[in-house]
Amino acid sequence: MIDCVVENGTVVTAEGSRQVDVGIQSGRVAALGHGLEAGRRVDAQGCFVFPGFVDGHVHLQMKVGQIMTGDDFESGTIAAACGGTTTLIDFTENCRGDDLAEWVEKRHTQADGHVAVDYALHLTLADASVGTLRNLYRLSEAGYRSAKLYTTYDGVRLADREFLELLAAARDARVLPMVHTENDHAIAYLTGRLLSEGKTAPKYHPLSRPPLVEAEAANRVAVLAGLVNAPLYIAHLTCAETLERIRAARGRGQGVYAETCPQYLFLSVDDYDRPGFEGAKYVLSPPLRDKSNWQVLWTALKEGELQAVSTDHCPWDYATQKTLGMQAFDKIPNGAPGIETRVPLLFHEGVGKGRLSLQQFVEVCSTGPARIFGLYPRKGTIAVGSDADLVIYDPNREVTLSQANLHQRVDYCPYEGYRVHGYPQTVLLRGQVIVENGQFVGKVGQGEFVRRQVSCAY
Ligand code: MN
Ligand code: MN
C-alpha cells in the first residue's frame, strides 16, 4: 500500500521530535512508524525530517512600472525548493481600479504549469469599489483566504475610510487582512526634505522611512481593525517600536499576527554604508534597522509574539535595475532576494546558536504560516493525511551562501560569503523527490495551486 518510506531520520514537528519512519502513499503521509514496507526507500540517517517550509510572502514575476523582478514563477520556485520551501504565497498584484478577478486569472495563467512547488495567492485589495467587495466574498469561497492591503505606494495605497470598509468586508468574508504598514505622508515629507538637501545616496533611504513611520501606520491600522473587530496580520515587522504597538492592540483583546523576515534578523542599517552604490542592494521597505532590533525580533519569535518568518523575496538586478536610483535613492527599486536562503539562515542562527528550539524553528518557518494562512494541516506538519512535503535536513552540511551557488535569478546575494551550518539535502513535494544534494531534480509544473481554508485567526 505504501509507495515510499523516508527512514532513519528524526522527524521534527512544532510539537516534538521523534525517531520514526514516514510512510508515503499517493503523495500523502500514510503512516508514521517502524518496519514499514515499501518499494522505494529514502535514507535520512543523521538528518532531521522537517515538514516542508512555508513562505507566506514572496513576489515572483512582478512588474513595477516598466521593470520585472529577476525571478519568474519557474526560477523562483526552483530556488525556493532548493532552500527547503515547498509552499509559497504570492500576490495578485492588481492596482486601484483593476478588476480583481481578472488579475486572479492572470496570475494563474502565469503560475499554473510553471511552478516547481505548491503555491497560493493573497488577493491585493487596492480599492473599496463595489466590484472589489463582490469579488472578495466569491474568492474567499474559492480558497483565497487572505488579502494584502497597503498604507503606502502609488496605485495600491488606501485611505483610512477604505481601510475600514475593506477590513469589515474581509472580516465578513473571513479573509485575513495582511498589511504593509508605513505612513505614506511621512515618507513623502522626509524623502522630499532629504532630496532637497542633496542627500540622494542609498544610505538616506532608511532616514526617509524611520521606525516610527512603520510603527505609526501599524498602530493606526490596528486601531482601525479594532473598530470593526477584524483580525490583522502585519507584514514584515522590523523593529521594537512596531512590536510595542501590536502588543498594545493585543492588550485590548485584538487578534493581531505578525511576521518578520531574515533581512531584519541578519542585516542592518550599517549595510547602507557599503562602498559606492552597493547600499542599493539593501534598499527594501520597510528599511533595514539598527542592530539593536535583532535581539528584540529573535526574542519575539521565541516567545510567540511573532508567528512567522517570511522572505518578502523581491529580486532586482544590481547592475541593471537598482541603478535606476543612481541619482536619487527614492528611484531605487525596492526589494531583495531571499527565497532560497531563509531556512538555512534561520536554522543556522536560530537552532544552531540556541536562539530557537527545533520546535520553534519549525513553528515560525512552517506550522505558524500554514495555520495563519489556512494551509494547515495539509501543510505545516508531518501527520497522517498531510501532504508528504518533507525536507531531509543535514545539520552538518556547511554551505557558504553566494550568488554563485544559489538558484535565485538575480545578480547578487545579500548574504554573500555567509557560512551556514546545516542545509536541505533532499526535498519531497507530495512524495516526489524534487531536490537531491542541493540540486533541483523535479519537474517544473509539478507544483499545484492550493485552495486554502479559513485562517486560524477566525
Ligand atoms: Mn510590503
Ligand atoms: Mn512584499
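Above: the structure in question.
Let me begin by describing the structure that accompanies this report. (Residues numbered from 1 in each chain as written. Chains lettered and ligands numbered in written order. Predicted model: local features only at pLDDT ≥ 70, side-chain atom pairs only at ≥ 80, totals over all residues. Heavy atoms only, no water.)

**Quick word on the overall build of the protein**
Now for step 1: In terms of regular secondary structure, the protein is built from 12 helices and 21 strands.
Now for step 2: For 458 residues, the compact-globule estimate of 2.2 N^0.38 gives 23 Å, and the C-alpha radius of gyration of the protein, at 21 Å, lies within 12% of that figure.
Now for step 3: Burial analysis of the protein (458 residues in total) assigns 62% to the buried set.
Now for step 4: As displayed, the protein has an accessible area near 16400 Å², and 50% of this comes from carbon and sulfur atoms.
Now for step 5: Taking the 45 positively charged and 54 negatively charged side chains of the protein as two groups, their mean positions are separated by 3 Å. (Helix = DSSP H or I, 4+ residues; strand = E, 2+ residues; numbered from the N terminus. Rg over C-alpha atoms; globule rule 2.2 N^0.38 Å. Buried < 20%, exposed > 50% of the residue type's maximum accessible area, 1.4 Å probe, protein only. Areas by Shrake-Rupley, 256 points an atom, 1.4 Å probe, with all protein chains shown as cover. Lys, Arg positive; Asp, Glu negative; His and termini not counted. Charge placed at Lys NZ, Arg CZ, Asp CG, Glu CD.)

**Description of the coordination of the manganese ion (ligand 2)**
Expected angles at a metal are 109.5 degrees for tetrahedral coordination by four donors and either 90 or 180 degrees for octahedral coordination by six donors.
Now for step 1: Only His 57 (NE2), His 59 (NE2) and Asp 312 (OD) from the protein reach the manganese ion (ligand 2) as donors, at distances of 2.1 to 2.2 Å.
Now for step 2: The metal-metal distance between the manganese ion (ligand 2) and the manganese ion (ligand 1) is 3.4 Å. Note that His 59 is positioned in the loop between strand 8 (53-55) and strand 9 (63-64) and Asp 312 in the loop between strand 17 (308-309) and helix 11 (342-351), a separation of 253 residues in sequence. There is no split in this pair, since His 59 and Asp 312 are both buried. (Donors = N, O, S within 2.8 Å, 3.2 Å for Na, K, Ca; no water.)

**Concerning the packing of aromatic side chains**
Now for step 1: Applying the stated rule across the entire model yields 18 aromatic pairs.
Now for step 2: Ring geometry for Tyr 150 against Tyr 153: centres 6.1 Å apart, planes inclined by 65°, an arrangement best described as edge-to-face.
Now for step 3: On the numbers, 6.3 Å between centres and 85° between planes, the contact of Phe 266 with Tyr 415 is edge-to-face. Placement of Phe 266 in helix 9 (residues 262-266) and of Tyr 415 in the loop between strand 18 (390-400) and strand 19 (419-429) is noted, with a sequence separation of 149 residues between them.
Now for step 4: Assessed through its relative accessible area of 11%, Phe 266 is described here as buried.
Now for step 5: On the basis of relative accessible area, Tyr 415 is assigned to the buried category, the value being 5%.
Now for step 6: Members of the aromatic cluster, joined through ring pairs, are Phe 48, Phe 50, Phe 53, Phe 347, Phe 361 and Tyr 393. (Phe/Tyr/Trp six-rings, centres within 6.5 Å; stacked < 30°, edge-to-face > 60°.)

**Re the packing of helix 3 (residues 130-141) against helix 4 (residues 160-173)**
Now for step 1: Running from N to C, helix 3 and helix 4 cross one another at 25°; their axes reach a closest spacing of 9 Å. Between helix 3 and helix 4, the crossing angle belongs to the class labelled roughly parallel. Remark: the crossing between helix 3 and helix 4 carries right-handed chirality. For the pair helix 3 and helix 4, contact is made by Leu 133, Leu 136, Tyr 137 and Ser 140 and by Leu 166, Ala 169, Ala 170, Asp 172 and Ala 173, respectively.
Now for step 2: Of the residues assigned to the contact of helix 3 with helix 4, the class counts are 7 nonpolar, 1 polar and 1 charged. (Axes fitted to C-alpha atoms, helices over the stretch in contact; angles between N-to-C directions. Parallel < 35°, antiparallel > 145°, perpendicular 65-115°, else oblique. Left-handed = near helix turned anticlockwise from the far one by under 90°. Contact = heavy atoms within 4.5 Å. Nonpolar A, V, L, I, M, F, W, Y, C, P; charged D, E, K, R; others polar.)

**As for the side chain of Arg 107**
Now for step 1: Relative to the assigned elements, Arg 107 resides in helix 2 (residues 100-111).
Now for step 2: Under the relative-accessibility criterion, Arg 107 is labelled buried at 2%.
Now for step 3: A distance of 2.8 Å separates a polar atom in the side chain of Arg 107 from a polar atom in the side chain of Gln 110.
Now for step 4: Beyond its immediate chain neighbours, meaning those up to four positions away, Arg 107 contacts Leu 60, Gln 61, Phe 73, Asp 90, Phe 91, Thr 92, Glu 93 and Leu 121. (Polar contact = N/O pair within 3.5 Å; in protein donor to acceptor, adjacent residues only side chain to side chain.)

**Digging into helix 1 (residues 73-82)**
Now for step 1: The element helix 1 is largely enclosed, with a buried count of 9 among its 10 residues.
Now for step 2: All buried positions along helix 1 are accounted for by Phe 73, Ser 75, Gly 76, Thr 77, Ile 78, Ala 79, Ala 80, Ala 81 and Cys 82.
Now for step 3: Contact partners of the buried residues in helix 1: strand 11 (85-91), helix 2, strand 19, strand 20 (432-436) and strand 21 (439-440).

**Thoughts on the sheet that holds strand 13 (residues 146-150)**
Now for step 1: Reading across from one edge, 8-11-12-13-14-15-16-17 is the order of the 8 strands in this open sheet, with parallel pairing throughout. Only two strands of the sheet have a single partner each, and these edge strands are strand 8 and strand 17.
Now for step 2: Of the strand pairs in this sheet, strand 15 (residues 232-234) and strand 16 (residues 256-260) are connected by 3 bridges, and their pairing is parallel. Looking across to strand 16, one finds that Leu 232 is bridged to Val 256. (Pairing = 2+ DSSP bridges.)

Take it as geometry only, folks, not as evidence of what the structure does.
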